[in-house]
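# Understanding the architecture of this molecule
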Amino acid sequence: QVQLVESGGGLVQAGGSLRLSCAASGSIRSINVMGWYRQAPGKQRELVAAAPSAGSTNYADSVKGRFIIARDNAKKMVYLQMNSLQSEDKAVYYCNGEARTYSDWSYRNYWGQGTQVTVSS
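Residues numbered from 1 in each chain as written. Predicted model: local features only at pLDDT ≥ 70, side-chain atom pairs only at ≥ 80, totals over all residues. Heavy atoms only, no water.

## Focus: the state of the cysteines
One pass over the structure, following the stated rule, counts 1 disulfide. Covalent S-S linkage joins Cys22 and Cys95, the inter-sulfur distance amounting to 2.1 Å. On the sign convention where negative is left-handed, the bridge of Cys22 and Cys95, at about -80° about the S-S bond, is left-handed. Of this pair, Cys22 sits in strand β3 (residues 18-26) while Cys95 sits in strand β9 (residues 91-101), placing them 73 residues apart in sequence. Both residues of the pair, Cys22 and Cys95, belong to the buried class. (Disulfide = S-S within 2.5 Å. Helix = DSSP H or I, 4+ residues; strand = E, 2+ residues; numbered from the N terminus. Buried < 20%, exposed > 50% of the residue type's maximum accessible area, 1.4 Å probe, protein only.)

Have a look at this one:
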């Protein structure tokens, strides 16, 4: 199995910054894509940023130029640096990983438990 654990959420004033971290653990053979999603109250979960094992990262239009995703493959971690936070960024942020284990050759989607980000105006 694969476990994803997020950290770094919290309360920040509008215009401020937060850095989210996500650590993957378990019997991991390889991780393809790691990314961040968010879900605001009453809204569907949406992709914020994704970082494939090879290739370019991609971002939601709403966060381009403000958020930066980065991976540390050796540590099996993914980070999300969030700058110039706005009230619209308030949501629960979920780490997502597409990974396969030593007991399963198929890539499967895994989710963290989520971390709350609140932006005060």
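From this point, things continue past the structure.
## Digging into unusual backbone geometry
Residues other than glycine seldom take positive phi values, yet Lys76 does so here, at roughly 55°. Topologically, Lys76 is positioned in the loop between β7 (67-72) and β8 (77-82). By relative accessible area, Lys76 is classed as partly exposed at 30%. Look at Ser84: it is not a glycine, yet its phi comes out positive at around 50°.

## Description of the packing of aromatic side chains
Scanning all chains against the criterion turns up 1 aromatic pair. Between Tyr37 and Trp111, the aromatic rings sit 5.0 Å apart at their centres with planes inclined by 70°, giving edge-to-face as the arrangement. Taken together, the residues Tyr37 in strand β4 (residues 28-39) and Trp111 in strand β10 (residues 104-111) connect sequence positions 74 residues apart. Here Tyr37 falls in the partly exposed class, since its relative accessible area comes to 23%. Judged by its relative accessible area of 37%, Trp111 falls in the partly exposed class. Positioned above the aromatic ring of Tyr79, the side-chain terminus of Arg19 is 4.2 Å from the ring centre. Positioned above the aromatic ring of Trp105 is the side chain of Arg29, whose terminal nitrogen or guanidinium carbon lies 3.9 Å from the ring centre. (Phe/Tyr/Trp six-rings, centres within 6.5 Å; stacked < 30°, edge-to-face > 60°. Lys NZ or Arg CZ within 6 Å of the ring centre and 35° of its normal.)

## Observations regarding the pattern of salt bridges
Should the charged atoms of two oppositely charged side chains come close, the side chains can pair. Under the defined criterion, the tally for this structure stands at 5 salt bridges. Close ionic contact of Arg66 with Asp89 constitutes a salt bridge, the shortest N to O distance being 2.8 Å. Of this pair, Arg66 sits in the loop between β6 (58-59) and β7 while Asp89 is found in the loop between β8 and β9, placing the two residues 23 residues apart along the sequence. As far as burial versus exposure is concerned, Arg66 and Asp89 are alike and both buried. (Salt bridge = Lys/Arg side-chain N within 4 Å of Asp/Glu carboxyl O.)

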